[in-house]
Amino acid sequence: MKILLLEDEYSLRISIVEFLMKKTIMISLLVSTSLFAADYSSVIEKPNASELIQKDLLPPAKVFTMPSNCVTNDKDSIARGAFIFHNLNGGKVKGKLPKGLAKKNANGKSKQYGNCVACHNIEGAVGAGNIGPDLTGYKAIFVDSGVRDNQFVYQKIADPRVENANTHMTVNLTTKLFNEQEICDMTSYIVSER
Ligand code: HEC
């Protein structure tokens, strides 16, 4: 019994000594690293959040007047409008392009077409979203009834914030996502008989 007790006391002392030794090593390691550590503060990237946000902010809302001969019954224009409207893509243009559309921007980058169908339903839409109003039967319901006109549709696509400051729709002309002709093509498609 006595031997056992002694043994216990011995191992207890050993572990206290071990603990103190480890603690000393840890503290000396910490002290030495903090004393000799290089100053990396200049290397750490510190992005300027305000600058980054500024870069991503949209330019102010802009009123646009539809150019003359913008909305037409021209088959090619309507085909381009339909193509842009229905092309759900993430950077790459899918399918055969109608006459007058290019795969790349002037700067050689792949042009991103459409994504209108991500939010709007319309005749022949595949996988349409419902964040925006359904544009099915638009001509009869909205244009012929006098509720909307071509200029309204053009402005809505060019910069929807003019009519609704809190819109969830993409801004297309102020941001140069699309050019005037392409906005006309989409307007022609939406107000066309389908
Ligand atoms: C992120 C969702 C979203 C996308 C993408 C989107 N829209 Fe819209 N759209 C809306 C919403 C929401 C409205 C309702 C009015 C508003 O908030 O401005 C709207 C309204 C419209 C209207 C007006 C309908 C009316 O008579 O009131 C037209 C036309 C239109 N969008 C066309 C387009 C076209 C063309 C594209 C593609 C270039 C497009 N939208 C892309 C969400 C979207």
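Residues numbered from 1 in each chain as written. Predicted model: local features only at pLDDT ≥ 70, side-chain atom pairs only at ≥ 80, totals over all residues.

Draft legend 1. Expanded view of the overall build of the protein. Scanning the protein for helices and strands turns up 6 helices and 0 strands. Mapped from its N terminus to its C terminus, the protein presents α and β elements in the order α-α-α-α-α-α. Here the contacts in the protein between residues at least 6 apart in sequence split such that 57% fall between residues at least 24 apart. (Helix = DSSP H or I, 4+ residues; strand = E, 2+ residues; numbered from the N terminus. Contact = placed C-beta atoms within 7 Å.)

Draft legend 2. Examining the site of the ligand more closely. Close to the ligand lie 24 residues; Cys-116, Cys-119, Gly-132, Thr-167 and Met-169 are nearest. Elements supplying a minimum of two residues to the shell around the ligand: α5 (150–158) and α6 (180–190). By residue number, the principal contributor to the shell around the ligand is α5, which donates 3 residues. Residue composition of the shell around the ligand, grouped by class: 13 nonpolar, 9 polar and 2 charged. (Near = placed C-beta within 6 Å. Nonpolar A, V, L, I, M, F, W, Y, C, P; charged D, E, K, R; others polar.)

Draft legend 3. Spatial organisation of the packing of α5 against α6. Contact geometry for α5 and α6: axes closest at 9 Å, N-to-C directions at 130°. Here α5 lies oblique to α6, going by the angle between them. Relative to α6, α5 is oriented so that their crossing is right-handed. Contact with α5, carried on its side by Asn-150, Val-153, Tyr-154, Ile-157 and Ala-158, involves Ile-183, Met-186, Thr-187 and Ile-190 of α6 and no other residues of that element. In the contact of α5 with α6, the residues fall into 7 nonpolar, 2 polar and no charged. (Axes fitted to C-alpha atoms, helices over the stretch in contact; angles between N-to-C directions. Parallel < 35°, antiparallel > 145°, perpendicular 65-115°, else oblique. Left-handed = near helix turned anticlockwise from the far one by under 90°.)

Draft legend 4. Quick peek at the packing of helix α3 (residues 75–86) against α6. At a closest axis distance of 7 Å, the pairing of α3 and α6 adopts a crossing angle of 95°. By the angle between their axes, α3 is roughly perpendicular relative to α6. Only Glu-182, Cys-184, Asp-185, Met-186, Ser-188 and Tyr-189 of α6 make contact with α3, whose side of the interface consists of Ser-77, Ile-78, Arg-80, Gly-81, Ala-82, Ile-84 and Phe-85. When its residues are assigned to classes, the contact of α3 with α6 shows 7 nonpolar, 3 polar and 3 charged.

Draft legend 5. Geometry of α6. Counting buried residues along α6, 9 of its 11 residues qualify, which places the element largely inside the surrounding structure. Inspection of α6 places Glu-182, Ile-183, Cys-184, Asp-185, Met-186, Thr-187, Ser-188, Tyr-189 and Ile-190 among the buried residues, and these make up the whole buried set. Elements in contact with the buried residues of α6: α3, α4 (138–143) and α5. (Buried ≥ 20, exposed ≤ 12 C-beta atoms within 10 Å, placed from the backbone.)

Draft legend 6. Spatial organisation of the environment of Ile-78. Among the structural elements, Ile-78 can be located in helix α3. Among the residues examined, Ile-78 registers 22 C-beta atoms within 10 Å and is labelled buried. With 107 residues separating them along the chain, Ile-78 and Asp-185 place their C-alpha atoms 5.7 Å apart. Beyond its immediate stretch of four places on either side in the chain, Ile-78 contacts Ser-188, Tyr-189 and Ser-192.

Draft legend 7. Summary view of the nonpolar core. The biggest cluster of nonpolar side chains holds 23 residues, and the ones touching the most others in it are Phe-85, Ile-157, Ile-183, Met-186, Tyr-189 and Ile-190. Ignoring any residue separated from it by four or fewer positions in sequence, one finds Phe-85 in contact with Gly-114, Cys-116, Val-117, Ile-122, Met-186 and Tyr-189. (Core = buried A, V, L, I, M, F, W, Y, C linked by C-beta atoms within 7 Å.)

Draft legend 8. Region of the structure containing α3. With 12 residues, α3 ought to run about 16 Å at 1.5 Å a step, and its terminal C-alpha atoms sit 16 Å apart, in line with that. By the criterion of burial, α3 is predominantly enclosed, with 9 of the 12 residues buried. When α3 is considered as a whole, its buried residues turn out to be Ser-77, Ile-78, Arg-80, Gly-81, Ala-82, Phe-83, Ile-84, Phe-85 and His-86. Looking at the buried residues of α3, the elements they touch are α6. (Expected span 1.5 Å × (residues − 1).)

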